[in-house]
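# Working through the structure, step by step
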Amino acid sequence: MIIHLSAMEALRAPSLVSPPSLIRPQLSKPIFTLAFNQKTRNLTQFAKPKFKNFTAISPSVSTEPTSPLEQETETHDQDEKFDWFSQWYAVMPVCDLDKRAPHGKKVMGLDVVVWWDKNENSWKVFDDRCPHRLAPLSEGRIDQWGRLQCVYHGWCFGGSGDCKFIPQAPPDGPPVNDFTCDFLSINFILTKCMQVHTSQKACVAVYPSTVQNGIVWFWPNTDPQYKDILTKKKPPYISELDDPSFTFQMYTRDIPYGYEILIENLKDPAHVRYAHYGILDREGGCPMEINIDQMHKNGFTANQSYGQSKFVPPCLHISFGGTPEGKSARKQPRRLSFIFMCIPVSPGNSRLIFIFGRNFAVWIDRFVPRWMYHISQNLVIDSDMYLLHIEEKKLMETGFSNWENVCFVPTKSDAKVIAFRKWLKKYSGGRIDWGNKFNEPLPPTPPREQLMDRYRSHVVNCSSCNGAYKGLNALKVVLQAFSGAAVAMVAATKQGIISVAARNTLVVAAVLCYVGSKWLSHFVHKCFHYHGYNHAFK
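Since the model is a prediction, treat every value here as computed from it, not as a measurement.

### Comments concerning the environment of proline 287
Note that proline 287 resides in the loop between α3 (272-275) and β15 (290-292). On the basis of relative accessibility, which here comes to 47%, the residue proline 287 falls in the partly exposed class. Sequence separation between proline 287 and lysine 412 is 125 residues, and the spatial gap between their C-alpha atoms is 7.6 Å.

Dropping the structure here:
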């Protein structure tokens, strides 16, 4: 769980305001509804006719052999299955996308390329392969006419996926022959003639896409029937992200464990004081009162002492809290928003987009650069990354569908984890439906330094951190160059030409610059590459 360091005290407020609904669709008919006021049976309790009541407010352990995961909640969509390829997925924040270059991403096992079409003034999401020889278009460029160009042979494509230019073909004819091969007779037969630029085979598959709340979203299906899907179903809308009284910090990182483990970890408040010991809080667990509203295919809501949280599948997990209104009518209640977009990439890999928002102390973000926030957020992610990576492998060995039998979750602090696993089992068979894409086991565990490498998982994808990384490295080179030049000047200058005070000043400056460059090198490596985290010595 990521919680911004400056917000911890506000979260501990004894009384909280009831936050407004964060999720609402921009359609006349709701895409999904989450019941807040309806009185429903608690998912973390057993049905009275068959079992004893399950209460886990204290640290005591239940002796009942049956897991709370086995309960059923009566909903109208009990037999419906969640269609993973008929949903909107967040790809990247717009603030981290460079309009001058295409960006390659993987979502739901699909390789896509995100690029800016200046002719249509919009972001486009294409299948990341050129129809010519399947080279990745994300390795290409945006040419001077605003077309996406494959750098393998120079084929160019417009915003609709149509082929605009093939350097090896005449622009206006003559017709290009299309051959098929009769493998039985080993004869090549001319079957038809057509203009190469208008051929459907020369086009790139285009995914429906849109920008909402400053994030590029896409629909993972290129079938023509979904071309206008945006008019029928929109991504979940988060009103606070468009509220001018709020300030936000966005953070993105590729995670070396799967979507299921990522969601489960974010729904576990009890791990914060231990897994993030010394970063977010100190050791000290306590009983937690967490209640789950009625579950349905479109998610569920959890209520606890410091606020509410929502799960809106497939991507959104939102927690929010605040403080009561001030005595003065002019003072608004302080509100905090923790918005997590959990993106399935492939088995054993996921992507997190984290947005921290608040409507107080807004002035801080005007002076503190975004990359400085990311240093602490990277440390939080790193502190439990290795153990979650190993946990996923152990769970894979027993089978994801067997979660409730291998994990013992007797206390109410695990209520949201249980609810998520229950939702996953009920609507998706206990795991993501990847289609026919993946049948192999999870990727092997790399060395810890590679697993927790921040540069490739975050820095290269973050415009702020990438800029700071380049700037600090340039400063390091300048310090080293000045140190060497000062030493050379002192060595080459004869005594008497410059005063002793000047010589001593140059020597001291050279030493300080050299020490500064060494410290800066250590700082860059620790903050932008690898920061080891050993729980035994924290």
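Don't stop here, the text continues.
### Thoughts on the sheet that holds strand β2 (residues 103-107)
Hydrogen bonds between backbone atoms are what pair the strands of a sheet, whose relative direction is either parallel or antiparallel. A sheet is described by the order of its strands in space; here four strands give the open sequence β2-β3-β4-β11, paired in antiparallel fashion. Of all the strands in the sheet, just β2 and β11 (206-207) have a single pairing partner and so form its edges.

### Here we look at the packing of helix α2 (residues 259-266) against helix α6 (residues 415-428)
Look at α2 against α6: their axes get within 8 Å of each other, and the N-to-C directions meet at 150°. Along this stretch, α2 crosses α6, giving a crossing that reads as right-handed. Between α2, through Tyr259, Glu260, Ile261, Ile263 and Glu264, and α6, the contact on the second element is made entirely by Val417, Phe420, Arg421 and Leu424. Across the contact of α2 with α6, the residue classes break down as six nonpolar, no polar and three charged.

### Topic: the sheet that holds strand β1 (residues 89-93)
With antiparallel pairing, the three strands of this open sheet are ordered in space as β1-β13-β12. Single-partner strands in this sheet number two, and they are β1 and β12 (209-212). With direction set aside, neighbouring strand axes in the sheet form an average angle of 30°.

### Brief notes about the pattern of salt bridges
Under the criterion given, the structure shown has 17 salt bridges. For aspartate 98, the salt bridge goes to arginine 100, with nearest N and O atoms at 2.8 Å. A residue is classified by how much of its surface remains accessible, and arginine 100, at 69% relative accessible area, is exposed. When salt bridges with common partners are traced through the structure, they connect Glu240, Asp243 and Arg335 into a single cluster.

### So, a nonpolar patch on the surface
On the surface, Val507, Val511, Tyr514 and Val515 cluster together to form a nonpolar patch covering roughly 360 Å² of accessible area. Within the secondary structure layout, valine 515 lies in helix α10 (residues 500-528). Its relative accessible area of 48% is what places valine 515 among the partly exposed residues.

### Here's the deal with the pairing of strand β19 (residues 335-346)
On a regular strand, each side chain points to the face opposite its neighbour's, so the side chains alternate between the two faces of the sheet. Taking burial as the measure, the 12 residues of β19 include 12 buried ones, the bulk of the element. Alignment of β19 against strand β20 (residues 349-358), held across 10 bridges, turns out to be antiparallel. Each residue of the ladder has a partner; that of isoleucine 343, found in β20, is arginine 351.

### Details of the state of the cysteines
Scanning all chains against the criterion turns up zero disulfides. You can see cysteine 156 has no disulfide; the closest cysteine sulfur is in cysteine 163, sitting 7.7 Å from it.

### What about the environment of threonine 210?
With respect to the helices and strands, the residue threonine 210 is situated in strand β12. By relative accessible area, threonine 210 is classed as buried at 17%. Separated by 25 residues in sequence, threonine 210 and proline 235 have C-alpha atoms that sit 8.7 Å apart.

### Some points on unusual backbone geometry
Most peptide bonds adopt trans geometry, and most residues besides glycine take a negative phi value. Cis geometry marks the peptide bond from proline 313 to proline 314; its omega dihedral reads 5°. The residue methionine 108 is not glycine, and still its phi comes out positive at about 55°. In this fold, methionine 108 is placed in the loop between β2 and β3 (110-117). Look at alanine 361: it is not a glycine, yet its phi comes out positive at around 50°. Following the sequence through the fold, alanine 361 ends up in the loop between β20 and α4 (370-398).

### Some words on the confidence of the model for the protein chain
A residue-level look at the protein chain finds 77% of positions with pLDDT of 70 or above and a mean pLDDT of 80. In this model, residues 1-75 is a region of pLDDT below 50 whose contacts with residues beyond four sequence positions or in other chains number 189 contacts.

### Brief notes about α4
In this model α4 runs 41 Å from its N-terminal to its C-terminal C-alpha over 29 residues, within 8% of the 42 Å that 1.5 Å per residue would give. Its axis deflected by about 40° at methionine 385, α4 carries its strongest bend there. Downstream of α4 by one or two residues, glycine 399 has phi in the positive range, about 100°.

### Quick look at the environment of tryptophan 155
Inspection of the secondary structure assignment puts tryptophan 155 in the loop between β6 (148-149) and β7 (156-157). For tryptophan 155 and histidine 132, which are 23 residues apart along the polypeptide, the C-alpha to C-alpha distance reads 8.1 Å. Contacts of tryptophan 155, omitting those with residues within four sequence positions, involve Cys130, Pro131, His132, Leu148, Gln149, Cys150, Cys163, Phe165, Ile166, Pro167, Gln168 and Ala202.

### Here's the deal with the packing of aromatic side chains
Counted under the stated rule, the structure contains 23 aromatic pairs. With 5.0 Å between their ring centres and 50° between their planes, tyrosine 455 and tyrosine 469 make a pair best called tilted. In this pair, tyrosine 455 sits in helix α8 (residues 454-457) while tyrosine 469 sits in helix α9 (residues 463-492), placing the two residues 14 residues apart along the sequence. Judged by its relative accessible area of 15%, tyrosine 469 is buried. An aromatic cluster is present here, built from Phe82, Trp84, Tyr259, Phe300, Phe311, Phe420, Trp423 and Tyr427 joined pairwise through their rings. Cation over ring: arginine 334 sits above phenylalanine 360, and NZ or CZ is 4.9 Å from the ring centre. Sitting over the face of the ring of tyrosine 386, arginine 448 holds its NZ or CZ atom 3.9 Å from the ring centroid.

Scoring rules and cut-offs
- Residues numbered from 1 in each chain as written.
- Predicted model: local features only at pLDDT ≥ 70, side-chain atom pairs only at ≥ 80, totals over all residues.
- Heavy atoms only, no water.
- Helix = DSSP H or I, 4+ residues; strand = E, 2+ residues; numbered from the N terminus.
- Buried < 20%, exposed > 50% of the residue type's maximum accessible area, 1.4 Å probe, protein only.
- Pairing = 2+ DSSP bridges.
- Axes fitted to C-alpha atoms, helices over the stretch in contact; angles between N-to-C directions.
- Left-handed = near helix turned anticlockwise from the far one by under 90°.
- Contact = heavy atoms within 4.5 Å.
- Nonpolar A, V, L, I, M, F, W, Y, C, P; charged D, E, K, R; others polar.
- Salt bridge = Lys/Arg side-chain N within 4 Å of Asp/Glu carboxyl O.
- Patch = residues over 30% accessible without salt bridge, like charges linked within 9 Å, V, L, I, M, F, W, Y side chains within 5 Å.
- Areas by Shrake-Rupley, 256 points an atom, 1.4 Å probe, with all protein chains shown as cover.
- Disulfide = S-S within 2.5 Å.
- pLDDT = per-residue confidence, 0-100.
- Expected span 1.5 Å × (residues − 1).
- Bend = angle between axes of the 7 residues up to and from the residue.
- Phe/Tyr/Trp six-rings, centres within 6.5 Å; stacked < 30°, edge-to-face > 60°.
- Lys NZ or Arg CZ within 6 Å of the ring centre and 35° of its normal.

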